[in-house]
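# Structural features, examined
Take a look at the letters that make up each chain.
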Amino acid sequence: KYSLDPMTTSDDTYYVTTTGDLFTPHAASSSNTTDWKNFCLEHMGDRVVAFVCFVESRTTKETNDGVHFKVIAYGLIVSSMFLLITFLVYACLPSLHNLHGQTLMCHVASMLGAYSFLVISQLLSRFLIPQLCMFIGFAIQCFFLAAFSWLNVICFDIWWTFGAVRSHVGKAEESRRRFLFYSLYAWLLPLTITAGTFFVDHFKLFSEDFLPNMGERYCWFTKFTHGKTIFFNFPVMIQIMSNIIFFGLTIRNCSKIKSELQQMQINSNARLKYNADINKLAMNSKLFVVMGLTWACEVNTWYFQNGDDSLWWYIL
């Protein structure tokens, strides 16, 4: 790195912008702006001196970041293809258009939407105008929250199914009514949280440490405030914890029903329904492990912000 000394030469005149970058109006290079990650300010006696990293180091870092983002984006593209196939299979088979199939389709559609916008942000963020980058960030937030909300609905529904195994919960009219209530929850909650995030960010309703700053440096929340914790991590953790509770209650009900089936002489239809519910529970358990456990680890990385040095950050 090298230092800038505007007192010696006017070409070293610099200003720190409101976004934290270094602006050198008389620099001989093609770019007059230095990214905040590539310079530092240090006290030298009674004055502050700016030290700028060499261009070679900055180029290498940007290249490594670009490769990292591309690898993630290509992985998301592969995942999106399988999500699309899953959605089409459920959409084309009428036998899967029951309540469970509809909720699973909505969950898959939410994940597909989130992954699609995430791929755009990973591959094209450098070419996007700030307003479009901000929109993509809010879209990612909304679709991911919707995906977790539908996963929450699926966990609740399987618990409700086992808890009310003796009632006629399979009627089409009641299934439609339940799906309507599920939709109101799973779509309106993410939209409400996303709208609240936008208003807080746009009108600066919180202090600077708690603002989302969506799209300021990335097409996502900034890493330098607690906005992501408030408007994304916290709602997701509540839903993950409730899913764990629902699964615990479901397993308890499952064991109770199994013992009752062994003690009572009941018809084969009840056994068939029980076996079908068990299969749905097994599939939902796998879905919860994939979605819940991995994202719980992602949320926990908030406690290990120093990703370059923390072993726990890499493990999680």
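Residues numbered from 1 in each chain as written. Predicted model: local features only at pLDDT ≥ 70, side-chain atom pairs only at ≥ 80, totals over all residues. Heavy atoms only, no water.

Put simply, the rule is: UniProt positions are given in the numbering used here, feature names are shortened, and annotations may be inferred rather than shown by experiment.
An unreviewed UniProt entry annotates the protein as G-protein coupled receptors family 2 profile 2 domain-containing protein of Homalodisca liturata. Turning to the protein, the UniProt annotation filed under Subcellular location (unreviewed entry) states: "Membrane".

## With respect to helix H4 (residues 172–203)
Definition in use: Where helices and strands are cited, they refer to DSSP runs of H or I of at least four residues and of E of at least two residues respectively, numbered from the N terminus. Multiplying one less than the number of residues by 1.5 Å gives the expected span of a helix.
The end-to-end C-alpha distance of H4, which contains 32 residues, comes to 46 Å, matching closely the 46 Å that a straight helix rising 1.5 Å per residue would cover. Just past H4, the residue lysine 204 takes up positive phi, approximately 55°.

## Section: the packing of aromatic side chains
What counts here: Ring pairs shown here join Phe, Tyr and Trp side chains whose ring centres sit within 6.5 Å, with only the six-membered ring taken for Trp; geometry is labelled stacked below 30 degrees between planes, edge-to-face above 60, and tilted in between. Exposure is judged per residue with a 1.4 Å probe applied to protein chains only, and the accessible area is read against the type maximum: over 50% gives exposed, under 20% gives buried, and values in between give partly exposed.
Taken as a whole and assessed by the stated rule, the structure comprises 18 aromatic pairs. Between tryptophan 150 and tryptophan 187, the ring centres sit 5.8 Å apart and the planes meet at 70°, which makes this aromatic pair edge-to-face. Residue tryptophan 150 is found in helix H3 (residues 130–163), and its partner tryptophan 187 is found in helix H4; the two are separated by 37 residues along the sequence. Tryptophan 150 gets classed as buried once you look at its relative accessible area, which sits at 0%. Take tryptophan 187: its relative accessible area is 32%, and that puts it in the partly exposed class. Ring geometry for tryptophan 159 versus tryptophan 160: centroids 6.3 Å apart, planes at 70°, classification edge-to-face. The class of tryptophan 160 is partly exposed, set by a relative accessible area of 36%. Taken together, the aromatic side chains of Tyr115, Phe144, Trp220, Phe221 and Phe232 make up a single cluster linked through ring pairs.

## Digging into the pairing of strand E6 (residues 47–52)
What counts here: Being paired, for any two strands, means DSSP has found at least two bridges between them.
In terms of strand pairing, strand E5 (residues 39–44) meets E6 through 6 bridges, oriented antiparallel. Bridge pairing in E6 links glutamate 42 to valine 49. Counting the residues that bridge the hairpin from E5 to E6 gives 2 residues, and of these glycine 45 lies at a positive phi of roughly 75°.

## Considerations on the state of the cysteines
The cut-off we apply is this: In what follows, a disulfide is any cysteine sulfur pair within 2.5 Å.
This structure, assessed with the given rule, holds 1 disulfide. Across the disulfide from cysteine 133 sits cysteine 219; the S-S distance is 2.0 Å. Between cysteine 133 and cysteine 219, the S-S torsion sits near -120°, and that sign places the bridge as left-handed. Taken together, the residues cysteine 133 in helix H3 and cysteine 219 in the loop between H4 and helix H5 (227–263) connect sequence positions 86 residues apart.

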